[in-house]
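Letter by letter, the chains look like this.
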Amino acid sequence: MHPEHVTNPFAKCRQDRYDIAMAAVAKARKKTAPIVTISPAELLRELPGSESVIYQVGTVIFRVGTKAESCYLIVKGTVEILKKTKGGKTISLAHVKAGEFLGEMAMLSSEKRSASATAQTAVTAIVIQHAEFESLLSQQHPFAGRLSLQLSNLLATRCHRLLRLIANQPDLVPPRGKKSPPVGVRTALNHVYTLWAV
């Protein structure tokens, strides 16, 4: 038997259809109760092992390939997610701003950092240790459930962004009327993972 060609799963998904689908999702979300966010003060109170840290401009918060033993809640400033290409060029993948979590996916999945994070401005962040978070989960602490819910909401938001990113990629979505080339699945998944699991 001949191996099957994996074709572009987004080839038949036109941008207008995608936008309509996402608009329907957004409308449905408005009918649900909003998720209460966790404040920095509450994090510090409920997780005694966490700490508030200030990073000066240009400080490397974590490097690609290192073990993820913690995650961060950005309280003030902007963090830039960077990665080097095979050619040695450093590219900017994303920015994490105040009120957003950083590095939680690699921490929760026990994966190594897939990219580096650098303080683009002066950054104040709360460092959350994985061991303490796991301890709260094992105790079925109510706060651990709330934090898990907030991280799940963040995951859903990132998946939404990644779907839009993939749908808009020129090499993944060929122009109308042109034959769809085989997708480099490994390349696509690596790109998605890089943006996701820092």
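For the structure itself, consult the block above.
Keep in mind that what you see is a predicted model, and the values were worked out from it rather than measured.

Engineer: Is there a simple way to think about the nonpolar core in this case?
Structural biologist: Proteins that are soluble and globular tend to have nonpolar side chains buried together. One finds Leu43, Leu47, Phe101, Ile128, Phe143 and Leu147 to be the most contacted residues of the largest nonpolar core, which totals 18 residues. Counting only elements with at least two residues in this core, the list comes to β3 (70-76), α3 (104-109), β8 (123-129), α4 (130-138) and α5 (142-167). Top element by residues in this core is α5. It accounts for five residues. Setting aside anything within four residues of it in sequence, one finds Leu147 in contact with Ile38, Leu43, Leu47, Phe101 and Phe133.

Engineer: I keep staring at the packing of aromatic side chains and nothing clicks. Help me out?
Structural biologist: The description of an aromatic ring pair rests on the distance of the ring centres and on the angle between the ring planes. Tallied over the entire structure, the rule returns one aromatic pair. Stacked on the ring of Phe62, the Lys or Arg Arg113 has its end atom at 4.1 Å from the ring centre.

Engineer: When you look at the pattern of salt bridges in this model, what are you seeing that I'm missing?
Structural biologist: Opposite charge on two side chains permits pairing when their charged atoms draw close. Tallied over the entire structure, the rule returns three salt bridges. One salt bridge connects Arg45 with Glu46, and the closest N-O pair in it is separated by 3.8 Å. Since its relative accessible area comes to 25%, Glu46 is described here as partly exposed. As a salt-bridge pair, Glu69 and Lys67 come within 3.9 Å of each other at their nearest N and O atoms. Classification of Lys67 by relative accessible area gives exposed; the value is 65%.

Engineer: What exactly am I supposed to notice about the environment of Val57 here?
Structural biologist: As for its placement among the helices and strands, Val57 is situated in the loop between β1 (51-55) and β2 (60-62). With a relative accessible area of 58%, Val57 lands in the exposed category. Separated by 66 residues in sequence, Val57 and Val123 have C-alpha atoms that sit 7.5 Å apart. In this structure Val57 touches Ala119, Gln120, Thr121 and Ala122, once residues within four positions along its chain are discounted.

Engineer: How should α4 be read in this particular structure?
Structural biologist: Within an α-helix, residues lying three or four positions from one another point in the same direction, as the helix has 3.6 residues per turn. Listed as buried for α4 are His130, Glu132, Phe133 and Leu136. An end-on view of α4 places all buried positions within 165° of arc, on one side of the element. Away from its buried face, by an angle of more than 90 degrees, α4 presents the exposed residues Ala131 and Ser138. Taken from the residues just after α4, Gln140 is the one with a positive phi, measuring 55°.

Engineer: Can you walk me through the sheet that holds strand β6 (residues 101-102) in this structure?
Structural biologist: The strands making up a sheet associate through backbone hydrogen bonding, with each pair oriented either parallel or antiparallel. Strand order in this open sheet of four strands is β1-β8-β3-β6, and the pairing throughout is antiparallel. Of all the strands in the sheet, the pair left with one neighbour each is β1 and β6. Across six bridges, the pairing between β3 and β8 is antiparallel. Among the inter-strand pairings, Ser70 is bridged to a residue of β8, identified as Gln129.

What counts and what doesn't
- Residues numbered from 1 in each chain as written.
- Predicted model: local features only at pLDDT ≥ 70, side-chain atom pairs only at ≥ 80, totals over all residues.
- Heavy atoms only, no water.
- Core = buried A, V, L, I, M, F, W, Y, C linked by side-chain atoms within 4.5 Å.
- Buried < 20%, exposed > 50% of the residue type's maximum accessible area, 1.4 Å probe, protein only.
- Helix = DSSP H or I, 4+ residues; strand = E, 2+ residues; numbered from the N terminus.
- Contact = heavy atoms within 4.5 Å.
- Phe/Tyr/Trp six-rings, centres within 6.5 Å; stacked < 30°, edge-to-face > 60°.
- Lys NZ or Arg CZ within 6 Å of the ring centre and 35° of its normal.
- Salt bridge = Lys/Arg side-chain N within 4 Å of Asp/Glu carboxyl O.
- Arc of directions from axis to C-beta.
- Pairing = 2+ DSSP bridges.

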